[in-house]
Amino acid sequence: MGEFYFHDLLAKNIQCIAAKNLKDLRPLVQILLDDPGDGIYTTDGNFKEYGIGRQSNDPESLAAYIRMETDDLALECAREWTEDP
């Protein structure tokens, strides 16, 4: 079980590093919509939360994501990253 958990964390870290290096944040919209998240948006290594925060640097990308997201917890997380309703 510990081995699976390690691989899961490694995958999330790789996703965060890849997202950090994106110059064009538009591809994050679909990636985040496809990611179910874990329902907890306050933990280290939560890729969905990281991606939402990353998109807060690009209002157009974040707005596109918010228009399509259906997860209330993810939308609340997005709201916390921006002051612009």
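Residues numbered from 1 in each chain as written. Predicted model: local features only at pLDDT ≥ 70, side-chain atom pairs only at ≥ 80, totals over all residues. Heavy atoms only, no water.

Trainee: Mind showing me how you'd approach the pattern of salt bridges here?
Mentor: Any two side chains of opposite charge can pair, given that their charged atoms come close. Evaluation of the coordinates by the stated rule reveals three salt bridges. In this structure, glutamate 69 and lysine 48 form a salt bridge, with 3.1 Å as the shortest nitrogen-oxygen distance. Of this pair, glutamate 69 sits in the loop between helix 4 (59–68) and helix 5 (72–81) while lysine 48 is found in helix 3 (residues 47–55), placing the two residues 21 residues apart along the sequence. Glutamate 69 sits in the buried class, given a relative accessible area of 9%. (Salt bridge = Lys/Arg side-chain N within 4 Å of Asp/Glu carboxyl O. Helix = DSSP H or I, 4+ residues; strand = E, 2+ residues; numbered from the N terminus. Buried < 20%, exposed > 50% of the residue type's maximum accessible area, 1.4 Å probe, protein only.)

Trainee: I'm lost on the side chain of lysine 48 in this one. Help?
Mentor: What makes lysine 48 buried here is its relative accessible area of 2%. For lysine 48, the side chain forms a polar contact with the main-chain oxygen of aspartate 35, separated by 2.6 Å. (Polar contact = N/O pair within 3.5 Å; in protein donor to acceptor, adjacent residues only side chain to side chain.)

Trainee: Is there a simple way to think about the nonpolar core in this case?
Mentor: Proteins that are soluble and globular tend to have nonpolar side chains buried together. Ranked by size, the top nonpolar core spans 13 residues in total, and within it Leu28, Leu32, Phe47, Ile52, Leu62 and Tyr65 carry the most contacts. Elements with a minimum of two residues in this core: helix 1 (2–20), helix 2 (26–34), helix 3, helix 4 and helix 5. Not counting the four nearest positions on each side in its chain, leucine 28 is found in contact with Ala19, Leu22, Phe47, Gly51, Arg54 and Gln55. (Core = buried A, V, L, I, M, F, W, Y, C linked by side-chain atoms within 4.5 Å. Contact = heavy atoms within 4.5 Å.)

Trainee: Help me understand the packing of helix 2 against helix 3, please; the structure alone is not making it clear to me.
Mentor: In the contact formed by helix 2 and helix 3, the axes pass within 10 Å of each other and the chain directions differ by 150°. It follows that helix 2 is roughly antiparallel to helix 3 by the angle criterion. Pair helix 2 / helix 3 crosses with left-handed handedness. Counting all contacts with helix 2, which are made through Leu28, Val29, Ile31 and Leu32, the residues of helix 3 involved are Phe47, Lys48, Gly51, Ile52, Arg54 and Gln55. Broken down by class, the residue content of the contact of helix 2 with helix 3 amounts to six nonpolar, two polar and two charged. (Axes fitted to C-alpha atoms, helices over the stretch in contact; angles between N-to-C directions. Parallel < 35°, antiparallel > 145°, perpendicular 65-115°, else oblique. Left-handed = near helix turned anticlockwise from the far one by under 90°. Nonpolar A, V, L, I, M, F, W, Y, C, P; charged D, E, K, R; others polar.)

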